[in-house]
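# Understanding the architecture of this molecule
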Amino acid sequence: MTKHIVITGATGVVGRRAVGELLAAGHRVAGVTRSARGARLLEGLGARAVEADVFDAAALAGAFAGADAVVNLLTHIPPADRMGAPGAWDENDRLRREASAVVARAAQEAGAERLVQESLAFVYADGGDAWLDEDARVDGRSTTSTALIAEANATERFAGDTVVLRFGYFIGPDSALTQADVENARRAGTSPSLGRRDAYRPTLWLDDAGTAVVAALRAPAGVYNVADEDPPTRAEIDAALAAAVGRDALRPAMDDVPAVLEPVARSQRITSRRLHEATAWAPRVRGGTDGWRLIVEERRAA
Ligand SMILES: NC(=O)c1ccc[n+]([C@@H]2O[C@H](COP(=O)([O-])OP(=O)(O)OC[C@H]3O[C@@H](n4cnc5c(N)ncnc54)[C@H](OP(=O)(O)O)[C@@H]3O)[C@@H](O)[C@H]2O)c1
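First things first, this report covers the structure right here in the doc.

Analysis parameters
Residues numbered from 1 in each chain as written. Predicted model: local features only at pLDDT ≥ 70, side-chain atom pairs only at ≥ 80, totals over all residues. Heavy atoms only, no water. Salt bridge = Lys/Arg side-chain N within 4 Å of Asp/Glu carboxyl O. Helix = DSSP H or I, 4+ residues; strand = E, 2+ residues; numbered from the N terminus. Pairing = 2+ DSSP bridges. Expected span 1.5 Å × (residues − 1). Bend = angle between axes of the 7 residues up to and from the residue. Contact = heavy atoms within 4.5 Å. Near = heavy atom within 4 Å. Polar contact = N/O pair within 3.5 Å; in protein donor to acceptor, adjacent residues only side chain to side chain. Areas by Shrake-Rupley, 256 points an atom, 1.4 Å probe, with all protein chains shown as cover. Buried < 20%, exposed > 50% of the residue type's maximum accessible area, 1.4 Å probe, protein only. Lys, Arg positive; Asp, Glu negative; His and termini not counted. Axes fitted to C-alpha atoms, helices over the stretch in contact; angles between N-to-C directions.

Time to look at the pattern of salt bridges. Where charged atoms from two side chains of opposite charge come close, those side chains can pair. Under the definition given, this model contains 23 salt bridges. We note a salt bridge from Arg 196 to Asp 126, for which the minimum N-O separation is 3.6 Å. Of this pair, Arg 196 sits in the loop between α6 (176-188) and β9 (203-205) while Asp 126 is found in the loop between β5 (114-120) and β6 (131-132), placing the two residues 70 residues apart along the sequence. Overlapping salt bridges bring together Arg 16, Arg 17, Asp 174 and Asp 207 as one network.

So, about the pairing of strand β3 (residues 48-51). Relative to β3, strand β2 (residues 28-33) is paired through four bridges, and the arrangement is parallel. Paired with Gly 31 across the strands is Ala 49, a residue of β3.

This part is about helix α4 (residues 90-109). Here α4 spans 28 Å end to end across 20 residues, near enough to the 28 Å set by a 1.5 Å rise per residue. In the structure, α4 departs most strongly from a straight axis at Ala 99, where the bend amounts to approximately 35°. Where α4 is buried, its residues meet β1 (4-8), α3 (57-63), β4 (69-72), β5 and α5 (145-156). A positive backbone phi angle near 80° is found at Gly 111, which sits one or two residues after α4.

With that settled, the discussion passes to the site of the ligand. Near the ligand, the surroundings consist of 21 residues, among which Thr 11, Thr 33, Arg 34, Thr 75 and Glu 91 are the closest. Within the side chain of Ser 175, one N or O atom sits 2.8 Å away from an oxygen atom of the ligand. For the ligand, whose free accessible area comes to 890 Å², the fraction covered by protein is 86%. At the level of elements, α4, β8 (169-171) and α6 are the ones that each hand at least two residues to the shell around the ligand.

As a further point, take the side chain of Arg 201. Within the secondary structure, Arg 201 is located in the loop between α6 and β9. Buried and without a salt bridge, Arg 201 has Asp 181 as its closest oppositely charged side chain, separated by 5.7 Å.

Right, let's talk about the environment of Arg 197 for a bit. The residue Arg 197 is located in the loop between α6 and β9 in this model. Sequence separation between Arg 197 and Glu 236 is 39 residues; the distance between their C-alpha atoms is 8.4 Å.

Let's shift gears to the sheet that holds β2. If you trace the seven strands from one edge of the open sheet to the other, you get β3-β2-β1-β4-β5-β7-β10, paired in parallel fashion. Of all the strands in the sheet, the pair left with one neighbour each is β3 and β10 (222-226). Neighbour-to-neighbour, the strand axes of the sheet open up by a mean angle of 20°, direction not taken into account. The sheet contacts of helix α1 (residues 13-24) involve β1, β2 and β7 (161-167), and relative to β1 the element is tilted by about 175°.

So, in structure tokens, the structure goes:
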């Protein structure tokens, strides 16, 4: 059945994939953006563009009018070389802490039935070798504490069905972070991974994040992990990336993990079985290993 979906964060790397997938699934889609450039991008994809301030409840309620579902994919992740800089995460924190509350209230006011909220697989405490499902203990710190606040806002301030998607680390050709990972490996021989070599890392091919948003429309309300089916270890990621850029091995990019990046240095062997069982969603590419080769091959072919 055709639904009317409004997306905040629609012009970002996962947002534009979600727009394309939702349109392909036969839904009517509108995306919220701050800029004329964002509006052109959305219209080019075939969606309607709405210019609105995501911190303004009245403006958002207007943008959400008539929506069956609202999808909040707002993030503002700093570039790889600024992640440890003072204030680098402030805008992202503000979007997760404040804009998520405004989105939830506006979705409620607009009468939407469903709210889908982006979150992170990095919220889990270090689990070693153990599989982590959605009931595993979370330990929100630095960048992940505000992801948990966004989850709570979406769940508590919206009376309809809320679906939280805890995404793994995105890997895709148009992600600035992926591009930096590939360049650092190629030029400097450094690894994108932090922490122990035997730690598991929840990675996710970006196209599979887009299809997960479509799946979220048919999932029962709840929290879902969205990551590679069999998350690779850091050693596996390094070996795959090294092979893709033509190196024998990669060395750590830094000796000590800065506090702000501590959550991504944990071992998080995430299972996304709950989303698969609820909706049949499954990743088509193992992002953390096969993704690097696909990206480098695509670049060579371009
Ligand atoms: N799980 C993960 O690994 C994960 C999650 C998210 C992002 N990332 C990475 O972070 C990098 C940047 O992501 P991205 O390209 O999606 O861009 P981004 O800068 O994170 O922006 C994403 C979306 O949020 C909106 N937005 C950002 N700041 C805003 C603000 N202050 N007020 C209102 N809206 C705002 C943008 O809308 P406008 O159209 O208004 O600009 C855009 O649609 C990429 O490399 C990506 O892979 C990783």
